[in-house]
Amino acid sequence: MTTDFKHFWYIVAESHELTKNIVLSRQVCDEWLVCYRDSQGKATVMRDRCLHRCGKLSDGSVSQGILKCSYHGWLYGEAGKVVAIPSMGNTMTDNLKGRTYLTREQEGYIYVRLMDNGDDLQPFAMPYYQKSGWKNIRLQNDFQNTLSNCVENFIDIPHTAFVHKGIFRSSRNEAIRAEIKRMNGQVHVTYANEKQNLGSFNWFLNPRGRPIVHTDSYFMPNITFVSYSLESKWQYVITSQSVPVSAEHTKVYTEISFRFGLLTPFIGWLVKRQGQKVIDQDIQVLNQQMRVIKKYGSHFYDTPCDTIHTSVSEIINALYAKQDPTLLPDQRHEVTFRV
Ligand code: FES
Ligand SMILES: [Fe+2]
């Protein structure tokens, strides 16, 4: 049974960030973590606390796969084992080991799982990663807001015409129909009759104004997946892995994967620049939302157009209540947005 946020896999770094002699300090679900590579190059994630006298291990250094505490120089090797205590003449009698966590390295990300659930849950497989004809760009951003409000934003259509006016979409009072299905800790949304409303990139993305195939998905507790298929088999997908750093801080790893035919290898910089511009706009509005919530509480007024939000937040709230979200009833709704 999955009843805790700590039962899931979360990204702690992109693989290239954890180079050989680097030590990284991270926080996931309020746990302080230190990350380093052991002598075999294996990523190790351990509680950021020295066994000796509680030095902060991430203030230390790594050399040849050995992490040294900055306070009295205790040395930690593979799987967090203490391999030497300098003040004891580097002799080791006890079998000491730091609190390490399950770690995986997959598709250029390093993941941690803070609580083993005894099941075989794997990190989310990143779609189209290194697939021929596709290109992926990656962004990292910090939001001062809850996991729930962040993931809701990433699959929220109505805000795009206001927050991202012009870039993404503009307000035309067009009706977009959506079918929203929830089951098994997931929410899947299929949009119908969306066309020619992709803001300043419309001329390029959809010059003939053909219908767009647009689906959004949410996988508990922290992954959103947005997919647009355009004419000529052009396609782009945005996968966001939101990491709950603490109750009011969410770190978001965004991956934009796209195939735009022959243009694909050349426009990574443009996709990256526009993607970051859109995320900066979301950060601004979400950070302000959190300030308002802290001052006046989070009393939301939900309309039928907020059905995606409520479907997602019921899943997240089940986890806060230590309940298994897969036991929530399956749901199917049809909603019409005006955008
Ligand atoms: S606190 Fe880390 S070596 Fe003493
Ligand atoms: Fe947005």
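Before reading further, recall that the structure is shown in the block above.
Sequence positions are assigned chain by chain, starting from 1 and proceeding in written order. Following the order in which they are written, the chains are lettered starting with A and the ligands numbered starting with 1. Local features are withheld for residues below a pLDDT of 70 in this predicted model, meaning they are given only at 70 or higher, and side-chain atom pairs are given and counted only at 80 or more; totals for whole chains, interfaces and linings count all residues. In computing side-chain values, all of the structure's heavy atoms are included and hydrogens and water are not.

Q: Go over the overall build of the protein with me, naming the residues and quoting the values.
A: Assigned secondary structure in the protein consists of five helices and 18 strands. In summary, the protein has a C-alpha radius of gyration of 22 Å against a globular reference of 20 Å for 339 residues, a match within 12%. We call a residue buried when its accessible area falls under 20% of the maximum for its residue type, exposed when it is over 50%, and partly exposed in between, using a 1.4 Å probe and counting protein chains only. The 339 residues of the protein split such that 52% are buried. A separation of at least 24 residues holds for 61% of the contacts in the protein among residues at least 6 apart in sequence. Here the Shrake-Rupley method, with its probe set to 1.4 Å, supplies the accessible areas, and only the displayed protein chains count as covering residues. In the structure as shown, the protein presents an accessible area of about 16,500 Å², 53% of it carried by carbon and sulfur atoms. By the counting scheme adopted, Arg and Lys are positive, Glu and Asp are negative, and His together with the chain ends is not counted. Here the site of a charge means atom NZ of a Lys, CZ of an Arg, CG of an Asp or CD of a Glu. Positive and negative side-chain charges of the protein, numbering 39 and 33 respectively, have mean locations separated by a distance of 5 Å. A run of H or I in DSSP becomes a helix once it reaches four residues, and a run of E becomes a strand once it reaches two; helices and strands are each numbered from the N terminus. As a reference, a globule follows 2.2 Å times the number of residues to the power 0.38, and the radius of gyration itself is taken over C-alpha atoms. Throughout, a residue-residue contact means that at least one pair of heavy atoms, one from each residue, lies within 4.5 Å.

Q: Run through the pairing of strand β3 (residues 31-37), naming residues and quoting values.
A: Taking burial as the measure, the seven residues of β3 include six buried ones, the bulk of the element. Pairing between strands requires that DSSP locate at least two bridges from one strand to the other. Joining the antiparallel neighbours strand β2 (residues 24-28) and β3 is a turn of two residues, in which C29 adopts a positive phi near 45 degrees. Pairing analysis gives five bridges linking β3 to strand β4 (residues 43-47), with the strands arranged antiparallel. Within β4, the position partnered with C35 by the bridge is V45.

Q: I'd like a description of the layout of surface pockets, backed by residues and values.
A: Roughly 590 Å³ of volume is contained in the largest pocket. Along its surface, the largest pocket is lined by 23 residues, and N149, E152, Q289, F300 and H309 are the ones closest to its centre. Looking at the lining of the largest pocket, the elements with two or more residues in it are α1 (147-154), α4 (268-296) and α5 (307-320). Taken together, the residues of the lining of the largest pocket sort by class into eight nonpolar, eleven polar and four charged. An automatic or database domain assignment supplies the residue ranges for each domain. Formed jointly, the lining of the second largest pocket draws a minimum of three residues from each of two domains, domain 1 (5-113) and domain 2 (135-338). Buriedness of a pocket was judged along seven lines, with at least five required to meet protein on both sides within 12 Å; pockets are open sets of points on a 1 Å grid over the protein atoms alone, cavities are sets where a 1.4 Å probe fits but cannot get out, and lining residues have an atom within 4 Å of a point. Grid points are joined across faces, edges and corners, and a volume is the space filled by probe spheres set on the points. In this count, Pro and Cys sit with the nonpolar residues alongside Ala, Val, Leu, Ile, Met, Phe, Trp and Tyr, while Asp, Glu, Lys and Arg are called charged and the others, Gly among them, polar.

Q: Can you lay out the coordination of the iron ion (ligand 2) for me, pointing to particular residues and giving the numbers?
A: Each metal's donors are the N, O and S atoms within 2.8 Å of it, or within 3.2 Å when it is Na, K or Ca, and because water is not part of the set, sites may look incomplete. The protein atoms that coordinate the iron ion (ligand 2) are H159 (NE2), H164 (NE2), D282 (OD) and D282 (OD), at distances spanning 2.1 to 2.3 Å. Think of it this way: with four donors and all angles in the 85 to 135 degree range, the site is tetrahedral; with four or six donors, opposite ones beyond 155 degrees and the rest between 65 and 115, it is square planar or octahedral; otherwise it is irregular. Taken together, the four donor atoms coordinating the iron ion (ligand 2) span angles of 58 to 145 degrees at the metal, a pattern that classifies the geometry as irregular. Look at where the donors of the iron ion (ligand 2) fall in the sequence and you get H-x4-H-x117-D. Judged by relative accessible area, which is 14%, H159 ranks as buried. Among the residues examined, H164 registers a relative accessible area of 1% and is labelled buried.

Q: Explain the sheet that holds strand β1 (residues 9-14) residue by residue, including any values.
A: Taken together, the three strands give an open sheet; going across it, the order is β1-β10-β9, and neighbouring strands pair in antiparallel fashion. With one partner strand each, in any of the chains shown, β1 and β9 (102-106) form the two edges of the open sheet. Direction aside, the axes of adjacent strands within the sheet are offset by 30 degrees on average. In the sheet, β9 pairs with strand β10 (residues 109-113) via five bridges, with the strands oriented antiparallel. In the strand pairing of β10, Q106 is matched with Y109. Here an axis means a line fitted to C-alpha atoms, over the contact stretch when the element is a helix, while the angle between two N-to-C directions is reported on a 0 to 180 degree scale.

Q: Residue-level account of α1, with values.
A: For α1, the tally of buried residues reaches eight of eight residues, placing the bulk of the element in the interior. Among all positions of α1, only L147, S148, N149, C150, V151, E152, N153 and F154 are buried.

Q: Would you mind going over the state of the cysteines in detail, with residue names and values included?
A: Counting rule for disulfides: a pair of cysteine sulfur atoms within 2.5 Å. By the definition in use, this model includes zero disulfides. C150 supplies the cysteine sulfur nearest to C29, a cysteine that is in no disulfide, at a spacing of 14 Å. Here C35 stays unpaired: no disulfide links it, and the sulfur of C29, its closest cysteine neighbor, is 14 Å away. Overall, the relative accessible area of 1% leaves C35 in the buried class.

Q: Before we move on, could you go through the side chain of S240 and cite the residues and values that matter?
A: Among the structural elements, S240 can be located in strand β16 (residues 235-246). What makes S240 buried here is its relative accessible area of 4%. For S240, the residues in contact, after removing those within four places along its chain, are F154, N222, I223, T224, V252, Y253 and T254.

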